[in-house]
Every structure is written in structure tokens, then in C-alpha cells.
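Summary of the model geometry
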Amino acid sequence: TTTTTTTMATMEAVVEELVEKKELGGGGAANIYTYPMAVAVMSDGRVVVTQGDGSSSSHHVHNFLIFSPEGELLKTVGGDKGRKPGQFDNPRGMCVHPCDDTIWIADSKNHRVQVFSPQGDFKFEFRPADDTPGYLNEPRGICVHPASLQVVVVDNAAGKLQVFDETGQHLRELKAPLELRRPYGCCFTSNGHLAVADNHNSRVLIMDFHTGEMVQVIGKAGSGAGEFNSPLSCWSAAGYIVVGDYSNHRIQLFTEDGRHVVSLKCGLRSPLNVHVDNQGRILVSDIAAACVWWFYSDQLSEILADALPPGKM
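Residues numbered from 1 in each chain as written. Predicted model: local features only at pLDDT ≥ 70, side-chain atom pairs only at ≥ 80, totals over all residues. Heavy atoms only, no water.

1. Digging into the pattern of salt bridges
Put simply, the rule is: Salt bridges are defined as contacts in which a side-chain nitrogen from Lys or Arg sits within 4 Å of a carboxyl oxygen from Asp or Glu. Buried means the residue's accessible area, taken with a 1.4 Å probe over protein chains only, is under 20% of the maximum for its type, while exposed means over 50%, and partly exposed covers the values in between.
Under the definition given, this model contains 12 salt bridges. We note a salt bridge from Arg203 to Asp198, for which the minimum N-O separation is 2.8 Å. By the burial criterion, Arg203 is buried, and Asp198 matches it. A salt bridge links Asp245 to Arg250, with the shortest nitrogen-to-oxygen separation between them at 2.8 Å. Judged by its relative accessible area of 0%, Asp245 falls in the buried class.

Laid out in C-alpha cells, this is it:
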């Protein structure tokens, strides 16, 4: 066990040495960010970041930002807290539609989802009425199934998974195989299974999207390798699942069958949301640092491959 721990620590030190860390938007993040939350990437490489409240401070804005693939700020949508179309109250979750790059935002404390064009123009919203099927009580996570194009919304307060069609019509509630406690982010794996960051249970659940049957449980409470303290986000790319391990101040990488590969701190303070862009860079919103980071390395894929036994990628 000591040898394994030492080997893992050594590999993590090597990986951290190879990883380059760059601030999305360049220097002077205080001029751009207040409380960055969700991060997503369009097919052309443009990056979208949502912002909202993290405390009672009055300087926080409620908006989303669109950046060029190189990190230049192109557009800001929203501002003051509000309920009108295009206004927000804590837009905590977001995804980009895989077919048309529309931006789907979980407008958490307005209990709704808002949809925008790739240019940031408001298209429509949906908010099921109170006490009706699909009602959203603080939606946090949102993702689109790559085949059916059905939309999953994670209801943080109710601990439920609601499924909608592309027009916002409620289709069903997806029953999780285990009780969810304050679930947060979600994503689909390469084989179409749904992964959910089950925050207060300190784990990531992977389930069959159609039946809700259990596929995999990743992690448990703790600070060791493969353990979590408030996992708030997850993203699947290239056969890996990246998890934002918020209160352990790190991100962790796993294979899709749940094997821990590496944990990376890299100076992170409060990694709220993770995403992987089409160049293989990991984007992380760090709310305590009030910025969004890019992590990338030409050698990272080779290092990660060496961390696994042959034939296990």
C-alpha cells in the first residue's frame, strides 16, 4: 500500500509538472469574473461561462460570457438579477447542444431553463408549474443525450433527475438507482450512460439513461485518491471522467469504469465546474480564485496511458 501511494504521489507530481495552467480571458480576471460557475465549449471552440451569486455581496452579476477559442471575451449576456427572459438568478448549470451549439442554462433560483442561440440571443425558456411533473426546484446540472437529444436537468433541492425534449416538454422523471442528496453536475459518457455528481453522498453515480439501472459508483467520502469532498461536476472525454472535487481543492480523473487515474491540485482553490474542450484542454471554474483555468499538456495523454495497465485504456 505504501509503495502504491508513493507511486501515485510521484505520478501526480510528474503530471502537475507537465501541465500548463492558463487563465481564460488573460490577466486581470477581476475585470471579467465575479463568481464563475458553469463552463461549456461550442463546436467551433468558443467557450461559455455562467456567473451568479456566491454570497450576499452586492457586486456579483448574473450573466454568461462568450469567449473566442483563444480566450478573448466576445460578448456578455445578462447582468442584474431578474426574472425576465435573458435575466438570471444564479445560472449554475449549463451545456451546449451537440447539434446546433445552442446554449442551455439552468437558471437555478428562477427554477427554469433558458435557451440561447450560439450568438447569445434568447430563444425560449421552460419552467414547469409548481407541483406538476417536471417542476424544477433549483436546477443545477444539465446535459443533452447525444443520440436521443433528450435533455436531463438535475434538480438539486429535490434530488431528482428530470428529462425534457428539445422544446422543453417534460417527458419523464429518471429514477436514480440510489438516493441522490443535493446532486449537482451531470454528463453523458462515451457509451451514453448518465453520470451525476452526487454531492452530499460524495460519489459519482453512473446509470443507464433509459432504465435508471446502476452501471457504476465512483468514489466515497474522504481526501485520498479516488475519494471526494463535495464533488460538484463531472465531464466525460476520451474514455475518462473528470470530476471537480470542490472541497478537496482538486480535480480527479477516472476511467469510465471507475478506476482512479490521477488527482491534480495545480493550485486550485474551489473547482466548481469542469469541462474538456475539443483540443483536450481541461477547463475549470475556480470560484474562490474568481477565474476560469485552462489546463493542457502535449504529454499528458501519454502520462495518463502509462498510469494504466496495458489494454486498459
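From this point, things continue past the structure.
2. Comments concerning the packing of aromatic side chains
Basically, it comes down to this: Pairing of aromatic side chains requires ring centres within 6.5 Å, counting the rings of Phe and Tyr and the six-membered ring of Trp. Pairs whose planes differ by under 30 degrees are stacked, by over 60 edge-to-face, and all others tilted. Working definition: helices are DSSP H or I runs of at least four residues, strands are E runs of at least two. Numbering for both runs from the N terminus. Placement of a charge over a ring requires the Lys NZ or Arg CZ to be within 6 Å of the ring centre, with the centre-to-atom vector within 35 degrees of the ring normal.
All chains considered together, the criterion is met by 11 aromatic pairs. Relative to Phe116, the ring of Phe64 has its centre 4.9 Å away and its plane inclined at 65°; by these criteria the two rings are edge-to-face. On the criterion of sequence distance, the pair formed by Phe64 in strand S4 (residues 62-67) and Phe116 in strand S8 (residues 112-116) is long-range, its members being 52 residues apart. Both residues of the pair, Phe64 and Phe116, belong to the buried class. Consider the rings of Phe88 and Phe116, whose centres lie 5.7 Å apart with planes at 40°: the pair is tilted. A residue pair is termed long-range when its members are at least 10 positions apart, and Phe88 in the loop between strand S5 (73-79) and strand S6 (91-96) and Phe116 in strand S8 qualify at 28 residues. Of the residues examined, Phe116 reaches a relative accessible area of 1% and is grouped as buried. One aromatic cluster is present, built from ring pairs that chain together Phe64, Phe88, Phe116 and Phe122. Over the aromatic face of Trp293 sits the side chain of Lys21, whose NZ or CZ is 4.1 Å from the ring centroid.

3. Comments concerning the sheet that holds strand S20 (residues 250-255)
What counts, and what does not: Here the rule is simple: two strands pair whenever DSSP picks up at least two bridges between them. Only the stretch in contact is used when fitting a helix axis, every axis being a line fitted to C-alpha atoms; angles between N-to-C directions are given from 0 to 180 degrees.
Judged by pairing direction, the sheet is antiparallel, and its four strands sit side by side in the order S18-S19-S20-S21 without closing on themselves. Both outer strands of the open sheet, strand S18 (231-237) and strand S21 (260-264), are each paired with one neighbouring strand and no more. On average, each strand axis in the sheet is tilted by 20° relative to the strand beside it, whichever way the strands run. Of the pairings in the sheet, the one linking strand S19 (residues 240-245) to S20 comprises six bridges and is antiparallel in character.

4. A closer look at the sheet that holds strand S15 (residues 194-198)
Strand order in the open sheet formed by four strands is S14-S15-S16-S17, with antiparallel pairing between adjacent strands. Single-partner strands in this sheet number two, and they are strand S14 (183-188) and strand S17 (214-218). On average, each strand axis in the sheet is tilted by 20° relative to the strand beside it, whichever way the strands run. By the bridge criterion, four bridges tie S14 to S15 in an arrangement that is antiparallel. In the strand pairing of S15, Cys186 is matched with Val196.

5. A look at the confidence of the model for the chain
Low pLDDT means the predicted atomic positions in that stretch should not be read closely. Filter applied, for reference: How sure the predictor is of each residue is captured by pLDDT, a score from 0 to 100. Pairs of residues are marked as contacts when any of their non-hydrogen atoms sit within 4.5 Å.
Looking at the chain, pLDDT values average 88 and 86% of them are 70 or higher. Confidence drops under a pLDDT of 50 for residues 308-313, and excluding neighbours within four residues, the segment shows seven contacts in the predicted structure.

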